[in-house]
Amino acid sequence: MGKIKLKVPATIANLVCGFDILGMAIHEPYDEMEFKLLETSEIIIRHKDSFSLPEKPTENVAGVVLLKIQEYLNLKTGFEVIINKKIKPGSGLGSSAASAAGAAIGANELLGNIFTKEELVYFAMFGEELASGVKHADNIAPCIFGGITLVKSSNPIDITPLNSPDLLVTAVHPQVEVKTSDARQILKKNILLKDAIEQWGNIAGLVAGIQNNDFGLIGRSLNDVIVEPIRSILIPRFNDIKENSLELGALGGGISGSGPSIFMISEKEEIAQKIADMMKSVYNEIDIESFVYVSKINPSGIKIIEN
């Protein structure tokens, strides 16, 4: 196999209360990545998009992952990668994770599927480290495994795929930028024990609700008392979006990753669409352009669309 093309989905990390441990793949937006195996050891990165991302392998999220795989295997062959990025960098929808996970999957396919999914997550985390300064797997894991994933540990890697309930996700990406590195810097270094206990209960309740298709429990558990109260100040009209969504019938939701995107989960498509219209309207009122997506949970993650 000398060439392959992938469809790499956006992901929503944290799922409100599960900071750095829970993530979910959705169908839209998505990146397209084309890979070609080279006879030389060169790594070539090209972009079809207009985001002006670095193409030097050591400065590119996908390039760093390929370099790590190359080093690990002592490869004499290289890769050419063409990236058409539709997940905007800094959106909070797993843009860097898509490039990193896509690079790991693409290389693995061209090399004959020699790595486990956990090993692919390991390599992809080097891309996330380049993007945010931290090796976190909450976006990478659902991108590679599909559906909803629990990252019990990133070192050693311990990932559990969870159930994918038949729910709708509405996500809005207001066109303002929140860098993951900046969003991490404003977090509290210490938290109260009572807040930690409440957060642990919400995480446990959310995982139980997901596994048992208990939508009421999911809704009651989508609450964050540690991260969201701080990060939400970076996102225009966040509280309005959340309150209006709940009034329209959403089970709950919050910040997607580090923001500025916001996601809401609903049981019915009718409710999801009403929330999408409301989100667009809220940002139109303050002259902020936004993109809105309505999607079911993506159970497969990265897909091969050509080989």
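Structure: see above.
Procedures and definitions
Residues numbered from 1 in each chain as written. Predicted model: local features only at pLDDT ≥ 70, side-chain atom pairs only at ≥ 80, totals over all residues. Heavy atoms only, no water. Phe/Tyr/Trp six-rings, centres within 6.5 Å; stacked < 30°, edge-to-face > 60°. Helix = DSSP H or I, 4+ residues; strand = E, 2+ residues; numbered from the N terminus. Lys NZ or Arg CZ within 6 Å of the ring centre and 35° of its normal. Buried < 20%, exposed > 50% of the residue type's maximum accessible area, 1.4 Å probe, protein only. Polar contact = N/O pair within 3.5 Å; in protein donor to acceptor, adjacent residues only side chain to side chain. Contact = heavy atoms within 4.5 Å. Pairing = 2+ DSSP bridges. Axes fitted to C-alpha atoms, helices over the stretch in contact; angles between N-to-C directions. Salt bridge = Lys/Arg side-chain N within 4 Å of Asp/Glu carboxyl O. Patch = residues over 30% accessible without salt bridge, like charges linked within 9 Å, V, L, I, M, F, W, Y side chains within 5 Å. Areas by Shrake-Rupley, 256 points an atom, 1.4 Å probe, with all protein chains shown as cover. Parallel < 35°, antiparallel > 145°, perpendicular 65-115°, else oblique. Left-handed = near helix turned anticlockwise from the far one by under 90°. Nonpolar A, V, L, I, M, F, W, Y, C, P; charged D, E, K, R; others polar. Core = buried A, V, L, I, M, F, W, Y, C linked by side-chain atoms within 4.5 Å.

Asks: Looking at this structure, how should I read the packing of aromatic side chains?
Replies: Tallied over the full model, the rule gives five aromatic pairs. Aromatic pair Tyr72 and Phe123: ring centres 5.4 Å apart, planes at 75°, arrangement edge-to-face. Of this pair, Tyr72 sits in helix α1 (residues 61-73) while Phe123 sits in helix α3 (residues 117-132), and the two are 51 residues apart along the sequence. The ring centre of Tyr30 lies 4.4 Å from the NZ or CZ of Lys7, which sits over that ring.

Asks: Is there a simple way to think about unusual backbone geometry in this case?
Replies: Trans is the common state for peptide bonds, and a negative phi is the common state for residues other than glycine. Look at the link from Glu28 to Pro29: it is a cis peptide, with omega at 0°. Topologically, Pro29 is positioned in strand β2 (residues 22-38). Between Asn155 and Pro156 the backbone carries a cis peptide bond, its omega angle lying at 0°. Turning to its location among the elements, Pro156 is positioned in the loop between β5 (148-154) and β6 (157-162).

Asks: It is not clear to me how the side chain of Gln199 should be interpreted in this structure. Could you clarify?
Replies: Looking at the element boundaries, Gln199 is found in helix α6 (residues 193-212). For Gln199, a relative accessible area of 5% gives the class buried. In this structure the side chain of Gln199 is engaged in a polar contact, spanning 2.8 Å, whose partner is the side chain of Asp224. Excluding anything up to four places from it in sequence, Gln199 contacts Cys17, Asn223, Asp224, Val225 and Ile226.

Asks: Before we go on, may I ask you to explain the sheet that holds strand β8 (residues 252-255) in this structure?
Replies: Two pairing modes exist for strands in a sheet, parallel and antiparallel, and in both the strands are linked by backbone hydrogen bonds. The sheet built from four strands is open, its strands ordered β8-β9-β7-β10 with antiparallel pairing. Both edges of this open sheet fall to β8 and β10 (290-296), since each of them pairs with a single strand only. Neighbour-to-neighbour, the strand axes of this sheet turn through a mean angle of 15°, independent of strand direction. Pairing analysis gives four bridges linking β8 to strand β9 (residues 262-266), with the strands arranged antiparallel. Among the inter-strand pairings, Gly254 is bridged to a residue of β9, identified as Phe263. The sheet contacts of helix α10 (residues 269-285) involve β7 (168-174), β9 and β10, and relative to β7 the element is tilted by about 10°.

Asks: Just checking my understanding: could you explain the pattern of salt bridges for this structure?
Replies: Here the idea is simple: oppositely charged side chains can pair when their charged atoms come close. For the structure on display, the rule yields 11 salt bridges. The shortest N-O distance in the salt bridge between Arg46 and Glu80 comes to 3.1 Å. Taken together, the positions of Arg46 in strand β3 (residues 43-47) and Glu80 in strand β4 (residues 78-84) put the pair 34 residues apart, joining distant regions of the chain. The partly exposed category is assigned to Arg46, whose relative accessible area is 41%. Here the salt bridges do not stand alone but share partners, grouping Lys5, Glu32 and Lys86 into one network.

Asks: So what exactly am I meant to see when it comes to a nonpolar patch on the surface here?
Replies: Judged by side-chain polarity, Leu193, Ile197 and Trp200 come together as a nonpolar surface patch covering roughly 370 Å² of accessible area. Of note, Ile197 is situated in helix α6.

Asks: Just checking my understanding: could you explain the packing of helix α9 (residues 238-248) against α10 for this structure?
Replies: Each packed pair of helices is defined by two parameters, the angle between the axes and the distance between the axes. Remark: α9 packs on α10, axes separated minimally by 10 Å, with the N-to-C direction vectors making an angle of 150°. In this view, α9 runs roughly antiparallel relative to α10, as classed from their interaxial angle. α9 and α10 meet at a crossing whose hand is right-handed. In this structure, α9 contributes Ile241, Asn244, Ser245 and Leu248 to the contact, and α10 contributes Ile271, Lys274, Ile275, Met278, Met279, Val282 and Tyr283. When grouped by side-chain class, the residues that make up the contact of α9 with α10 number eight nonpolar, two polar and one charged.

Asks: Explain the nonpolar core here, please?
Replies: In globular proteins that are soluble, nonpolar side chains generally tend to be buried together. Membership of the largest hydrophobic core comes to 67 residues, with the highest contact counts inside it found for Ile144 and Phe263. The leading source of residues in this core is helix α2 (residues 95-110), at nine residues. If we skip the residues at most four places from it in the chain, Ile144 touches Ala101, Ile105, Lys117, Leu120, Val121 and Ala124. Formed by 15 residues, the second largest nonpolar core is a distinct cluster that contains Ile241, Ile255, Met264 and Met278.

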